[in-house]
Amino acid sequence: MYTEPVITVSHLSKSYEKPVLNDINFTITPGQIIGYLGPNGAGKSTTIKVLSGMITDFTGEVQIMGMDVRKDPIEVKRRIGYIPENALLYDTLTPIEYLRFIGLLHKMESARIEKKSLDLLRIFDLQAKADTRMTAFSKGMRQKVLLIAGLLHNPDIIFLDEPLSGLDANAVILVKEILSKLALEGKTLFYSSHIMDVVEKFAHRIMILHQGKIIADGTFAELQEREKTESLEQIFTELTGNHAHQSQAGEFIEALRG
Ligand SMILES: Nc1ncnc2c1ncn2[C@@H]1O[C@H](COP(=O)(O)OP(=O)(O)OP(=O)(O)O)[C@@H](O)[C@H]1O
């Protein structure tokens, strides 16, 4: 099993019109589930896109399994899986056609793609829809296809951007179980989400991104101890500085009446 850090980020900065990530540094060892949190617009998706080689115009260094994401983009993409929220699915394809396409991109052998795809679709209760165009698929059905597509080539590092979005309660339990088992096998999961209670229970290490910086990094117990607070929701609110929910809700209702 790979024992060196699987992700090394040094002095990562990225700006669009304004700075989004500002001198981010961290290393991640194999088998960890990282919960990556931050307010809307904090730069979580941007971080994941940099780490997975989709954005290359950043400053600083990012290494994935010892490889520079900018110098070895193909090999990096072979070792990682990316499960986005609401990705652009090729709607006019069927799940099996889409998964064939993804498998071929990863240079997997056709018979293996076929078997694996059908097995995984069956586990997600989508076998009967394997040959149905995805145009009329629900959000949850699409999310299941995206999950399978991101995992099909059995990557070592899995980036997940709000992966439970749209899934029903049974599918959520199943996916969490699958992800925990993958981590036990030594896979690394970098998991961005707004669902605090899932991250609280699920992540080995929690990082909070705010105003371009990592402002907290530790186990849930360590963050609880540091902030003298019980729930991750409270810790998040405390650290990201929004204490005005009650008055904001009141203002919102007033504005609606207006
Ligand atoms: N392609 C782009 N061009 C210009 N600005 C962008 C682009 N992509 C993201 N941004 C800006 O960068 C900032 C970070 O966006 P990002 O999507 O990474 O945030 P996030 O933490 O994932 O947010 P959310 O929780 O809402 O999904 C935002 O201010 C966003 O408007």
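Residues numbered from 1 in each chain as written. Predicted model: local features only at pLDDT ≥ 70, side-chain atom pairs only at ≥ 80, totals over all residues. Heavy atoms only, no water.

- Labelled according to an unreviewed UniProt entry, the protein chain appears under the name ABC transporter ATP-binding protein, originating from Xanthocytophaga agilis.

**Considerations on the sheet that holds strand 3 (residues 33-37)**
Strands pair in a sheet through their backbones, by hydrogen bonds, and they do so in one of two ways: parallel or antiparallel.
Next, step 1: Taken in spatial order, the six strands make up an open sheet running 6-7-8-3-9-10, and their pairing is mixed. Where the open sheet ends on each side, the last strands, each with one partner, are strand 6 (80-83) and strand 10 (213-218). Adjacent strand axes in the sheet meet at a mean angle of 15° when their direction is disregarded.
Next, step 2: In the packing of helix 1 (residues 44-51) onto the sheet, contacts are made with strand 3, strand 6, strand 7 (157-161), strand 8 (188-192) and strand 9 (205-210), and the angle to strand 7 comes to roughly 155°. (Pairing = 2+ DSSP bridges. Helix = DSSP H or I, 4+ residues; strand = E, 2+ residues; numbered from the N terminus. Axes fitted to C-alpha atoms, helices over the stretch in contact; angles between N-to-C directions. Contact = heavy atoms within 4.5 Å.)

**Brief notes about the packing of aromatic side chains**
Next, step 1: Tallied over the full model, the rule gives four aromatic pairs.
Next, step 2: Judged by centre distance (4.8 Å) and plane angle (45°), the ring pair of tyrosine 36 and phenylalanine 190 falls under tilted. On the criterion of sequence distance, the pair formed by tyrosine 36 in strand 3 and phenylalanine 190 in strand 8 is long-range, its members being 154 residues apart. The exposure classification of tyrosine 36 matches that of phenylalanine 190, with both residues buried.
Next, step 3: Judged by centre distance (5.3 Å) and plane angle (65°), the ring pair of tyrosine 191 and phenylalanine 202 falls under edge-to-face. (Phe/Tyr/Trp six-rings, centres within 6.5 Å; stacked < 30°, edge-to-face > 60°. Buried < 20%, exposed > 50% of the residue type's maximum accessible area, 1.4 Å probe, protein only.)

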